[in-house]
Amino acid sequence: MEQNENLGPLFEPSAVAVVGASRAPGKVGHLVVSNLVHAGYQGKILPVNPSGGEILGLPVTASAGELPEGLDLAVVCVPRDSVMAALRDLAAIRCKAVVVITAGFKEVGREGYHLEEEAARFCLDHQMAMLGPNCLGLINTANRLNATFAASVPDPGEIAFFSQSGALCVAILDAARGKGIGFSKFVSLGNKASIDEIGMLRYLKDDPGTKVILGYVENINDGQGFLRAAQEATIEKPVVMIKSGSTPSGARAASSHTGALAGSDDAYRAAFTQSGVIRVSGVEQMFNLAQAFSFLDLPAGPNLCVITNAGGPGILAADAADRLGLLMAPLRGQTIEELRSFLPPWAAVYNPVDIIGDAGAERYARALDVVAADSLVHMVLAVLTPTPAVDVEAVAEAVARQARVSGKPVAACFMGEERVARARDILRAARVPCYDYPEAAVEALSALYVHAEWKKRPLPVEVCYMSNKFQARDVMEKAQAKGFTELVEFMAQDVLKAYGLPVPKTVLARTSDEAAQAAKSIGYPVALKIASPQISHKSDIGGVVVGIENEEELRQSFLNITNRARRVKEAYVLGCLVQEMAPKGSREVFAGFKRDPQFGPLVLFGLGGVYVEVLRDVSCRLAPLSLQDVSEMVREVRSYPILRGVRGEPPVDFKAIEDVLLTLSQIAVDFPQIEECDFNPVMAHPGGALVVDARFTLGKTVHGKVDNGA
Ligand code: ADP
Ligand code: MG
């Protein structure tokens, strides 16, 4: 559903009413009032309850309809069946935003579902922004607004967090306390009937108090809308998200390669990649990254320098850097000399710089000072293991001091527990993110780098090819009129040709004589394939013979193939395709798309051949694809080196593969009636790429609002 874009009154109300306020401690309607009072919110608090009187010293209004006109925010916690009445009262006084805490809606089934739709529609029609229902509420630390029934208020900070799970909100509020994790906004989205992650991203990207946005989602309903909102948000600030659970993949059985290859999570993966959202798998990781993003500036490059008082942790950090796309900075000669000048002779002056177990605050400070000044170093990690003699707090103070003046991102990893607890507090108070383990620290720093690179990337270049869309549509409409839901190779080829895709010379031969003639004009060797609208997996029935060298072989193969095909019940056999062979040394890749119910067309690419389902070595992006998208797609598959050529093989023509993918993306956008498409294989060779087999699955459902042509 569309949503109200104005979330100002929700987060910065000058007055808040609590509809369903209660005098009974422990009740939600009481907790909300008490939280508003005790968090120190300075605006007006207006409890509403028919019995009147006072709650916590505040005068109670008897009904929502008697609240002041133009009220900013109302928190609704009346029983479910009174929610609509409350909303009507609030609309009558032109209330601007509501938080519906009450549960019993979509999450309980059909009846609740309808009620929820009604409430959301009503709020939209009356220009009330609506959070929930079935949520915990929201917190804004800037104006000390705690409109939740949660027991604790977080420290103020620059992290905004929104979550679909209320339980997770409660747990995080509790866990974050005293850990130096501070929040700007904290929002429980509940059932997301109106305000969802899209609304939150749009609001938070412009929120000056928020430096990093965190989100927990279980499902995204408007995939395309999310993609756009996330793309806009990540230009402004980092967005880190957890996407848990998985939606059931399209209900259709995996009938073709593409269907089988794209799992339900792939569209989410593609959406996060294409919008620059950093995806993490757990809460701990999310807050590790959030700490770095909220405390540090972005690094100018990927070069990390590690300073450590022990060898092992230094190596762990270096390994993690290697794995996560950071580089261990090569230090300048001058830096190395300077380090040597004050470090003990047995110290390691190359990165990781091991300043030895007896290192104190002074040695840490000097080492940090020297490496941070090196222009080849973009960020620094100070690692400490609490060796017996070391004054841990003094080191923390020294690191904090140096971090302030270094002008580069500096993180710390103080390993251990009890002995380093205070030191960690010192560091975080000084805005130095501090981690328990080197891997976690490097992971957070690498996220900074990834986001920095994302912000620097050029604007996506979208390509549009000249094509004969009308001709392609003609082919499809004719097939549909005949009741076909699949366009097999010989029919699909016409669509490919209309889009200018490279296909091998192919002739449909009804008899072996015609086949012989066709082969002669194409030139041997040729491939022979069954042509029947009902047979879509040709080799499954022995319907493909490749590398036919002469006429005798050809005639024999024609006979064999058509005989086998006639044994397939219901298959109407038109004859065989005689086809030019792809150049020797071609590598088989596949390209295709399927439609995701939330995100639209998802384009896939991978190495083809018989093992494709087993290896699942697939890259995917949501259409429409940009030049950058296709370039990344062909390079991120594990089998990329095979395409580049092994043992003296020349590389394939990447540009040609990219063109196939771009065209595929265009077909997906142009023809919403194509449910699924498979080019398998595409023969990639040094001089181009040939689509030697193609198949379209047509569906009745039309996704998206794509112009279908005239
Ligand atoms: P299927 O319907 O079984 O997928 P294909 O047309 O993909 O039939 O052919 C099966 C295999 O035969 C392909 O994966 C490829 O290895 C090979 N092949 C098909 N056509 C050609 C061709 N024109 N040149 C070279 N090899 C081909
Ligand atoms: Mg095939």
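For the structure, see preceding data.
This report concerns the structure included in the present document. In this text, all values refer to a predicted model and were calculated from it rather than measured experimentally. (Residues numbered from 1 in each chain as written. Chains lettered and ligands numbered in written order. Predicted model: local features only at pLDDT ≥ 70, side-chain atom pairs only at ≥ 80, totals over all residues. Heavy atoms only, no water.)

### Quick look at the overall build of the protein
Looking only at helices and strands, the protein features 24 helices and 31 strands. Structurally, the protein occupies a C-alpha span of about 100 × 80 × 40 Å along its principal axes. For the protein, buried positions account for 58% of its 710 residues. For the protein, the exposed surface amounts to about 29600 Å²; the carbon and sulfur share of it is 53%. When the 69 positive and 81 negative side-chain charges of the protein are each reduced to one mean point, those points stand 2 Å apart. (Helix = DSSP H or I, 4+ residues; strand = E, 2+ residues; numbered from the N terminus. Buried < 20%, exposed > 50% of the residue type's maximum accessible area, 1.4 Å probe, protein only. Areas by Shrake-Rupley, 256 points an atom, 1.4 Å probe, with all protein chains shown as cover. Lys, Arg positive; Asp, Glu negative; His and termini not counted. Charge placed at Lys NZ, Arg CZ, Asp CG, Glu CD.)

### So, the nonpolar core
If you look at the biggest cluster of nonpolar residues, it comprises 60 residues, and the most contacted ones within it are Leu10, Phe162 and Phe226. When near neighbours in sequence (up to four residues on either side) are disregarded, Phe226 contacts Glu197, Ile198, Leu201, Ile220, Met241, Phe272, Val277 and Phe599. Counting residues in hydrophobic clusters, the runner-up holds 52 residues, among them Phe490, Met633, Leu643 and Leu664. (Core = buried A, V, L, I, M, F, W, Y, C linked by side-chain atoms within 4.5 Å. Contact = heavy atoms within 4.5 Å.)

### What about the pattern of salt bridges?
Taken as a whole, this structure holds 32 salt bridges when the rule is applied. In this structure, Asp513 and Arg555 form a salt bridge, with 2.8 Å as the shortest nitrogen-oxygen distance. With Asp513 in helix α19 (residues 512–522) and Arg555 in helix α20 (residues 551–566), this pair connects stretches of sequence that are 42 residues apart. One salt bridge in this structure joins Glu658 and Arg635, with 3.0 Å as the shortest N-O distance. Of the two residues, Glu658 is situated in helix α24 (residues 654–670) and Arg635 in helix α22 (residues 627–636); the sequence distance between them amounts to 23 residues. A relative accessible area of 12% means that Glu658 is categorised as buried. Of the residues examined, Arg635 reaches a relative accessible area of 35% and is grouped as partly exposed. Counted as one network, the salt bridges with shared partners bring together Glu489, Lys529, Lys538 and Asp693. (Salt bridge = Lys/Arg side-chain N within 4 Å of Asp/Glu carboxyl O.)

### Some details on a nonpolar patch on the surface
A cluster of nonpolar side chains, contributed by Val461, Val463 and Leu627, occupies part of the molecular surface with about 200 Å² of accessible area. Given a relative accessible area of 40%, Val461 falls into the partly exposed group. (Patch = residues over 30% accessible without salt bridge, like charges linked within 9 Å, V, L, I, M, F, W, Y side chains within 5 Å.)

### Considering the sheet that holds strand β25 (residues 575–580)
One open sheet accounts for 4 strands, arranged β22-β25-β23-β24; its pairing is antiparallel. Of all the strands in the sheet, the pair left with one neighbour each is β22 (506–509) and β24 (544–548). Going from strand to strand, the sheet's axes swing by 20° on average, the running direction of each strand aside. Two elements, strand β23 (residues 526–531) and β25, share 6 bridges in a ladder whose sense is antiparallel. The residue bridging Ala531 from the neighbouring strand is Gly575, located in β25. Helix α18 (residues 489–498) rests against β22, β23 and β25 of the sheet, and its axis sits at about 45° to β25. (Pairing = 2+ DSSP bridges. Axes fitted to C-alpha atoms, helices over the stretch in contact; angles between N-to-C directions.)

### Describing the coordination of the magnesium ion (ligand 2)
When a metal carries six donors in an octahedron, the ideal angles between them are 90 or 180 degrees, while four donors in a tetrahedron ideally lie at 109.5 degrees. Around the magnesium ion (ligand 2), the protein supplies Asn680 (O) and Asp693 (OD) as donor atoms, at distances of 2.2 Å. Of the two residues, Asn680 sits in strand β29 (residues 674–685) while Asp693 sits in the loop between β30 (688–691) and β31 (694–698), which places them 13 residues apart along the sequence. Judged by its relative accessible area of 10%, Asn680 falls in the buried class. The class for Asp693 is buried, based on a relative accessible area of 12%. (Donors = N, O, S within 2.8 Å, 3.2 Å for Na, K, Ca; no water.)

### What about empty space enclosed by the protein?
Over the atoms rolls a probe the size of a water molecule, and in doing so it shows where empty space is left. Applying the stated criterion to the full structure yields 2 cavities of 30 Å³ or more. Taken as a whole, the second largest cavity encloses approximately 40 Å³ of empty space. For the second largest cavity, the full set of lining residues is Val488, Glu489, Phe490, Ile530, Ala531, Ser532, Ile535, Lys538 and Leu577. At the level of elements, α18 and β23 are the ones that each hand at least two residues to the lining of the second largest cavity. (1 Å grid on protein atoms, 1.4 Å probe; cavity = no way out; pocket = protein on both sides within 12 Å on 5 of 7 lines; lining within 4 Å. Points joined across faces, edges and corners; volume = space filled by probe spheres on them.)

### Here we look at the site of ligand 1
The full set close to ligand 1 counts 18 residues, and Lys529, Lys538, Ser539, Glu588 and Asp693 are the nearest of them. Separating a nitrogen atom of ligand 1 from a backbone N or O atom of Ala582 is a distance of 2.9 Å. With respect to ligand 1, the side chain of Asp693 contributes an N or O atom lying 2.9 Å from an oxygen atom. Expressed as a share of its isolated accessible area of 540 Å², the protein-covered part of ligand 1 is 84%. (Near = heavy atom within 4 Å. Polar contact = N/O pair within 3.5 Å; in protein donor to acceptor, adjacent residues only side chain to side chain.)

### Some words on the pairing of strand β26 (residues 587–596)
The buried count for β26 comes to 9 of 10 residues, which makes it a mostly enclosed element. Bridging between β26 and β29 involves 7 bridges; their strand directions are antiparallel. By the bridge assignment, Gly592 is partnered in β29 with Asp678. Hairpin connection, β26 to strand β27 (residues 600–607): the antiparallel pair is bridged by 3 residues.

### Concerning the packing of aromatic side chains
The relative placement of two aromatic rings is captured by the distance of their centres and the angle of their planes. Per the stated rule, a full pass over the model turns up 11 aromatic pairs. Pairing Phe161 with Phe287 gives two aromatic rings, centres 6.2 Å apart and planes at 40°, and the pair type is tilted. With Phe161 in strand β10 (residues 155–163) and Phe287 in helix α10 (residues 283–295), this pair connects stretches of sequence that are 126 residues apart. Accessibility classification places Phe161 together with Phe287 in one group, the buried group. If you follow Lys243 out to its NZ or CZ, it ends over the ring of Tyr268, 4.5 Å from the centre. (Phe/Tyr/Trp six-rings, centres within 6.5 Å; stacked < 30°, edge-to-face > 60°. Lys NZ or Arg CZ within 6 Å of the ring centre and 35° of its normal.)

### Focus on the state of the cysteines
Summed over the entire model, instances satisfying the criterion amount to 0 disulfides. We note that Cys123 lacks a disulfide partner, and the nearest cysteine sulfur, in Cys95, lies 8.8 Å from it. The buried category is assigned to Cys123, whose relative accessible area is 0%. (Disulfide = S-S within 2.5 Å.)

### A word on unusual backbone geometry
Across the junction of Gly132 and Pro133, the peptide omega takes the value 0°, indicating a cis bond. The omega torsion across Asn680 and Pro681 is 5°, close enough to zero to call that bond cis. If you trace the backbone, Pro681 turns up in strand β29. One non-glycine residue, Arg94, adopts positive backbone phi at about 55°. Following the sequence through the fold, Arg94 ends up in the loop between α3 (83–92) and β6 (97–100). With a relative accessible area of 55%, Arg94 lands in the exposed category. Although it is not a glycine, Asn134 sits at a positive phi angle of roughly 60°. One can find Asn134 in the loop between β7 (129–131) and β8 (137–140). For Asn134, a relative accessible area of 28% translates into the label partly exposed.

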